[in-house]
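# Reading the structure
Letter by letter, the chains look like this.
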Amino acid sequence: MAMNFEYPPDLVAHIDRIDKFIHETILPLQHADDNNRFFDHRREYARTDWEAGGLPRREWEELLNKARLLADKAGLYRFALPKAYGGTSHPSTNLYMSAIRFHLASHPVYGGGLGLANDLQNEHSVVGNFPDVFMLHHFGNEEQKRTLIPARLRGEFRTTFGLTEPDHGSDATFMSTRAERVVRGGVEGWEINGAKKWQTGAHFATHMIVFARTGGKDGSAKGITAFLVPRETEGIEVVSYEWTFNMPTDHATVTFSGVWVPNSAILGVQDAGLAIAQTFVHENRIRQAASSCGAAKFCLDKAIERARSRTIWGEGKKLADHQGIQFPVVELMTQVEMLKLLILKTSWDMDRVVEEASRTGATPWIAIEKTLSDKVAMCNYWANRLACQAADRAIQIHGGDGYSRHYPFEHIYRHFRRYRITEGSEEIQMRKVAAYLFEFGGKVSRDKAKTKL
């Protein structure tokens, strides 16, 4: 039977529609006034309010929001959402989103994850991702879904994700934040005490999703509950914003001292909150892999362009004539092409697993975890590493110009370096792959996992 590796015609048409919108609407906005200060060599200075502790400048965030509103009006922003929230409920959402993310990050004009159409430093794109919406959709009660999801899409509800703590990172089962039952004013609720770190978006959040231990033993996944806490609740304090490799920062360390919330603040099921953190992790990671792979291709394409145009005057040759230039690029571009296929194949497989889960009543993200999480981990950890390697090679081929901020490569390197840690560290993801290959930690091979679904 013939195998077809071409994009479906409707995906090609949709990408063409995105390109048309970007060229007609977003690029003119980026080039208007002095908006390019946020994207050219001045970008880090222009984006950062240094006098306000390194937070994003208000004008910068307003420009991003304007672009999102324009994309929403054009019917592009909510593509990945269910129809109930203005999306498409497309049966191949993961495949299409991976293809779109790769395209946006690799585009020769606005690619690299550095442009108003798709500025990945802020997780900003004209095609949205929405992990918080899916958490509310799957775990929120009817009131939370009815009020908060529409508010989120209007930009009136913004939340942080409070899992990581100052004293722990990858293993959330040892978290120190605690919540205890407390009745106040005759109302049953919970008092939260503890601290969270790397709370992205805390400077403009209206709420915080706070994970706290409500029962069970340290090291157990059971006994952790997610709470949806209004930002202005008494006892919440942002103690610092952590300056990072790529500024501005919106990554806060937050303490919770006697923070009280009613029972209605629980998101999902009491003592089963870690399931919420797993809801969207595979979709998020495969899309991040697509963006990183696309950024790697962007860097290599620009390096090739430079090598073919740069003359070495003493020799009368181009940089591209030398194998010392050719071979490192060949190796990296080979990895890009192979990885792109694995990302698209894994995305396609995820869509099939979700389709099967909808027929059988299985939980989609649990089914993906059992059958595909090793492939998602392969894609993600290698793509994030590859983006850094490609940016570094582009810097080298561009020489002093590449090292300067007049080219985007140093920014790309500094930004994508974070994903080797924050998107599940590459060591954790390699360990996940090993668990499937060597069948430890309760993991089994893919064929065995499929027979158990």
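Given the structure is predicted, the values throughout are model-derived calculations rather than measurements.

One finds Ile18, Ile22, Ile26, Ile100, Leu116, Val126 and Phe211 to be the most contacted residues of the largest nonpolar core, which totals 60 residues. Every element with two or more residues in this core is listed here: α1 (9-31), α3 (58-73), α4 (93-106), α5 (131-139), α6 (142-154), β6 (207-213), β7 (224-230) and α7 (274-277). If one sorts the elements of this core by residue count, α1 sits on top with eight residues. Two domains each put at least three residues into this core: domain 1 (9-130 + 276-438) and domain 2 (159-267).

Two numbers describe a pair of aromatic rings. These are the distance of the centres and the angle of the planes. Scanning all chains against the criterion turns up 13 aromatic pairs. When the centroid spacing of 5.9 Å and the interplanar angle of 90° are considered together, the rings of tyrosine 381 and tryptophan 382 count as edge-to-face. The partly exposed category is assigned to tryptophan 382, whose relative accessible area is 26%. In this structure, arginine 57 is placed above the aromatic ring of tyrosine 45, and the distance from its NZ or CZ to the ring centre is 5.7 Å. Cation over ring: arginine 158 sits above phenylalanine 204, and NZ or CZ is 5.3 Å from the ring centre.

Within this structure's numbering, the places UniProt gives as "domain: Acyl-CoA dehydrogenase/oxidase C-terminal" (unreviewed entry) are residues 272-435. Helix makes up 80% of residues 272-435 and strand 2%, with an end-to-end C-alpha separation of 24 Å.

Here the focus is the pairing of strand β9 (residues 251-262). In the sheet, strand β5 (residues 187-200) pairs with β9 via nine bridges, with the strands oriented antiparallel. Along β9, the bridge assignment pairs glycine 194 with phenylalanine 256. Relative to β9, strand β8 (residues 236-241) runs antiparallel, the two being bridged by five bridges. Opposite isoleucine 236, over in β9, you have phenylalanine 256 as the bridge partner.

Residue position: histidine 124 is located in the loop between α4 and α5. From its side chain, histidine 124 meets the backbone oxygen of leucine 116 in a polar contact 2.6 Å long.

Look at the link from methionine 247 to proline 248: it is a cis peptide, with omega at 15°. By the element assignment, proline 248 lies in the loop between β8 and β9. Unusually for a residue other than glycine, serine 89 sits at a positive phi of about 50°. Following the sequence through the fold, serine 89 ends up in the loop between α3 and α4.

Another point: the packing of helix α10 (residues 364-398) against helix α14 (residues 426-438). Each packed pair of helices is defined by two parameters, the angle between the axes and the distance between the axes. It is at 9 Å that the axes of α10 and α14 come closest, and there the two elements cross at 140°. Regarding α10 and α14, the two cross each other, and that crossing is left-handed. Between α10, through Glu369, Lys370, Ser373, Asp374, Val376, Ala377, Met378, Asn380, Tyr381 and Arg385, and α14, the contact on the second element is made entirely by Glu426, Gln429, Met430, Lys432, Val433 and Tyr436. The residue makeup of the contact of α10 with α14, split by class, is seven nonpolar, three polar and six charged.

By the assigned domains, the protein splits into domain 1 (9-130 + 276-438) and domain 2 (159-267). The partner domain 2 presents 17 residues to the 20 residues of domain 1 that form the contact. Summing both sides of the interface, domain 1 and domain 2 together bury roughly 1500 Å²; the carbon and sulfur share of this comes to 64%. For domain 1, the biggest contributors to the area lost against domain 2 are Leu55, Ile276 and Arg414; these three give 32% of the whole. Viewed at the interface, domain 2 and domain 1 are joined by zero salt bridges. Along the contact surface separating domain 1 from domain 2 lie seven residue pairs in polar contact (both at pLDDT 80 or more). Sorting the residues of the side of domain 1 that touches domain 2 by element identifies α2 (43-47), β2 (55-56), α7 and α12 (409-416) as the ones contributing at least two each. Here the element with the most residues in the side of domain 1 that touches domain 2 is α12; it accounts for four residues. Residue classes in the side of domain 1 that touches domain 2 are distributed as seven nonpolar, seven polar and six charged.

Rules and cut-offs
Residues numbered from 1 in each chain as written. Predicted model: local features only at pLDDT ≥ 70, side-chain atom pairs only at ≥ 80, totals over all residues. Heavy atoms only, no water. Core = buried A, V, L, I, M, F, W, Y, C linked by side-chain atoms within 4.5 Å. Buried < 20%, exposed > 50% of the residue type's maximum accessible area, 1.4 Å probe, protein only. Helix = DSSP H or I, 4+ residues; strand = E, 2+ residues; numbered from the N terminus. Domains from an automatic or database assignment. Phe/Tyr/Trp six-rings, centres within 6.5 Å; stacked < 30°, edge-to-face > 60°. Lys NZ or Arg CZ within 6 Å of the ring centre and 35° of its normal. UniProt positions renumbered as here; feature names shortened; annotations may be inferred. Pairing = 2+ DSSP bridges. Polar contact = N/O pair within 3.5 Å; in protein donor to acceptor, adjacent residues only side chain to side chain. Axes fitted to C-alpha atoms, helices over the stretch in contact; angles between N-to-C directions. Left-handed = near helix turned anticlockwise from the far one by under 90°. Contact = heavy atoms within 4.5 Å. Nonpolar A, V, L, I, M, F, W, Y, C, P; charged D, E, K, R; others polar. Buried area = accessible area lost by both parts, 1.4 Å probe. Salt bridge = Lys/Arg side-chain N within 4 Å of Asp/Glu carboxyl O.

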